[in-house]
Amino acid sequence: MRAIVVRKFGATPELTDMPVPEPGPGAVRVQLEAAGVNPFDAKMADGILDGKLPHDFPMILGVDGAGVVASVGPGVTHFAVGDRVVGKFLNPPAGHGSFAEYAVIPEGGTLVRIPEGVPTAAAAALPTAGVTAQDLVDATKIEPGQTVLIVGATGGVGSFLVQLANMAGANVIATARDAIADQMTRLGAAETVDYTAGPVREQVGAAHPDGIDVLYDLVSPPEVLAELTTLVRDGGTVYSTIWSADEDALRSRGIRGGNIESSGRAPELARLLDRVAEGDVVVPIDATLPLADGATAIGATGARGKTVLTI
């Protein structure tokens with residue numbers, strides 16, 4: 001089968017032939033039709049899991065994937081051949097991911113059926129970015145009427161976060177260039193801030209002199225996040241998904257949150273898929289590429305929403 005791999009940490013991802021994996025006891029083999037691309041894929045290729053999780057080389061990249069159950073191993077009871085499924089294909093040993101024609105995943109892993117009416121490509125875009133956004137909103141317990149600033153709103157996580165925060169009743173401020181401000185408005189942002197027009201801290205501070213309630217920052221380094229945190233009222237909430245938050249400094253002001261890593265699994269993914277099926281959540285796909293061209297998408301920046309590989 002064709003797959004995108006790295007042969008060592010730091011190597012350039014390449015398309016190559018790999019053996020078709022066989023499902024062992026309690027495992028499911030999925031014939032993949034689409035795979036979502038995430039910033040984590042490039043980090044995985046560079047070795048972020050080295051010393052943290054067993055891994056195999058050549059390492060097949062890709063976490064998010066959707067397709068059809070092709071076969072099941074002994075003891076599998078929850079899934080059957082022909083089921084449309086989506087999941088996270090990152091299990092020890094790492095290196096048997098979704099950027100391939102087939103992948104194997106434990107039945108008890110993050111794997112769920114795709115509801116009727118949800119396209120496979122849309123499902124493949126959800127597991128990492130969508131569930132991260134869901135985890136952020138769940139952790140914050142947003143109250144209707146609160147003001148929420150999302151920095152990095154136009155990316156994968158941000159595009160879902162704008163929608164979910166709006167659904168929770170928040171007044172959402174999204175950072176976005178003027179050229180795509182309309183897209184953020186359609187997703188649920190009440191206001192947009194053009195980060196190319198001047199410091200976000202100054203623009204938001206001028207519009208909201210009494211401060212904001214929640215800051216979600218998906219992109220800023222520590223020194224920038226520290227400045228933005230001054231926008232948040234004492235007792236508010238700040239979350240960074242890239243570990244830029246100084247949690248001690250936040251606590252000194254009674255600010256909740258800090259650095260967060262998504263822990264959502266099958267139940268959270270299933271809940272999000274139901275929202276997509278009901279039409280409450282839109283999956284913003286910026287680009288689709290065939291698997292053969294997928295290596296060029298790993299580590300690429302500037303996407304408005306999600307990039308999906310078609311397999």
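Notes on the structure in this doc start here. Per chain, the residues get numbers from 1 upward, laid out in the order the sequence is written. For this predicted model, a pLDDT threshold of at least 70 governs which residues receive local features, and a threshold of 80 or more governs which side-chain atom pairs are given and counted, while totals over whole chains, interfaces and linings are taken from all residues. To obtain the side-chain values, all non-hydrogen atoms of the structure were used and water was disregarded.

For the rest of this paragraph, the subject is helix α9 (residues 266–277). The end-to-end C-alpha distance of α9 is 16 Å, a good match for the 16 Å that 12 residues give at a rise of 1.5 Å each. Partly exposed residues are those whose accessible area sits between 20% and 50% of the maximum for their type, while under 20% is buried and over 50% is exposed, using a 1.4 Å probe and protein chains only. Strands are runs of DSSP state E lasting at least 2 residues, helices are runs of H or I lasting at least 4, and numbering of each runs from the N terminus. Taken as a whole, α9 has its buried residues at Ala266, Leu269, Leu272, Leu273 and Val276. Projection of α9 onto a plane perpendicular to its axis shows the buried side chains occupying an angular sector of 130°, all on one side. In what follows, a contact means two residues having at least one pair of non-hydrogen atoms within 4.5 Å. On its buried face, α9 sits against β6 (84–88), β9 (111–113), α2 (120–124), α3 (127–140) and α4 (156–167). Gly279 occupies a position one or two residues after α9 and carries a positive phi of about 85°. Take the number of residues in a helix, subtract one, and multiply by 1.5 Å to get its expected span. As used here, the arc belongs to the directions running from the helix axis to the C-beta atoms.

A word on the pairing of strand β15 (residues 256–259). Both strand β14 (residues 232–240) and β15 contribute to a ladder of 4 bridges, which runs parallel. Looking at the pairing, Ser240 lines up with Asn259 of β15. Two strands are counted as paired when DSSP detects at least two bridges linking them.

For the rest of this paragraph, the subject is the pattern of salt bridges. By salt bridge we mean one thing: a side-chain nitrogen of Lys or Arg within 4 Å of a carboxyl oxygen of Asp or Glu. This model, assessed by the stated rule, comprises 7 salt bridges. Of the charged contacts in the structure, one is a salt bridge between Arg7 and Glu14, with a shortest N-O distance of 3.3 Å. Taking relative accessible area as the criterion, Glu14 reaches 30% and is therefore assigned partly exposed.

Burial of strand β17 (residues 306–310) is extensive: 4 of the 5 residues sit out of reach of the surface. With 4 bridges connecting them, strand β3 (residues 27–37) and β17 associate as antiparallel partners. Bridged to Val37 within β17 is Thr307. By the bridge criterion, 5 bridges tie strand β16 (residues 285–290) to β17 in an arrangement that is parallel. Counterpart to Thr288 in the pairing with β17 is Val308.

Ile150, Val162 and Tyr216 are the most contacted members of the largest nonpolar core, which totals 46 residues. The set of elements that each furnish at least two residues to this core consists of α2, α3, β10 (147–151), α4, β11 (171–175), α5 (181–187), β13 (212–217) and α9. The residues contacting Val162, other than those within four sequence positions of it, are Ile150, Ala153, Val172, Ala174, Met184, Leu187, Gly188 and Ala189. Buried Ala, Val, Leu, Ile, Met, Phe, Trp, Tyr and Cys residues form a nonpolar core when they are joined through side-chain atoms within 4.5 Å.

Working definition: rings of Phe, Tyr and Trp (its six-membered ring) pair if their centres are within 6.5 Å, and the pair is stacked with planes under 30 degrees apart, edge-to-face with planes over 60 apart, and tilted otherwise. Evaluation of the coordinates by the stated rule reveals 1 aromatic pair. On the numbers, 5.0 Å between centres and 75° between planes, the contact of Phe9 with Phe57 is edge-to-face. With Phe9 in the loop between β1 (2–6) and β2 (14–17) and Phe57 in strand β4 (residues 55–60), the pair connects residues that are 48 residues apart, well separated along the chain. Judged by relative accessible area, Phe9 falls into the partly exposed class, the value being 21%. We call a charge positioned above a ring when the Lys NZ or Arg CZ atom is no farther than 6 Å from the ring centre and deviates by at most 35 degrees from the ring normal. Note that Arg29 overlies the ring of Tyr102, its terminal NZ or CZ placed 5.7 Å from the centroid.

Before going further, it helps to spend a moment on the packing of α3 against α9. The geometry of α3 relative to α9 is characterised by a closest axis approach of 10 Å and an angle of 100° between their N-to-C directions. One element, α3, and the other, α9, form an angle in the roughly perpendicular class. Taking contact as the criterion, the partners of Pro127, Gly130, Val131, Gln134, Asp135 and Asp138 in α3 are, on α9, Glu268, Leu269, Arg271, Leu272 and Arg275. Partitioning the contact of α3 with α9 into residue classes produces 4 nonpolar, 2 polar and 5 charged. A fitted line through C-alpha atoms serves as each axis, taken over the contacting stretch for helices, and the angle formed by two N-to-C directions is quoted from 0 to 180°. Roughly parallel here means an angle under 35 degrees, roughly antiparallel means over 145, roughly perpendicular means 65 to 115, and every remaining angle is called oblique. Put simply, Ala, Val, Leu, Ile, Met, Phe, Trp, Tyr, Cys and Pro go in the nonpolar bin, Asp, Glu, Lys and Arg in the charged bin, and everything else, Gly too, in the polar bin.

As a further point, take the sheet that holds β4. Where strands meet in a sheet, backbone hydrogen bonds hold them as pairs that are either parallel or antiparallel. With mixed pairing, the 4 strands of this open sheet are ordered in space as β2-β1-β4-β7. Among the strands making up the open sheet, the edge pair consists of β2 and β7 (94–96). With direction set aside, neighbouring strand axes in the sheet form an average angle of 50°. Across 2 bridges, β4 lies against β7 in parallel orientation. Residue pairing for β7: Ile60 is matched across the bridge by His96.

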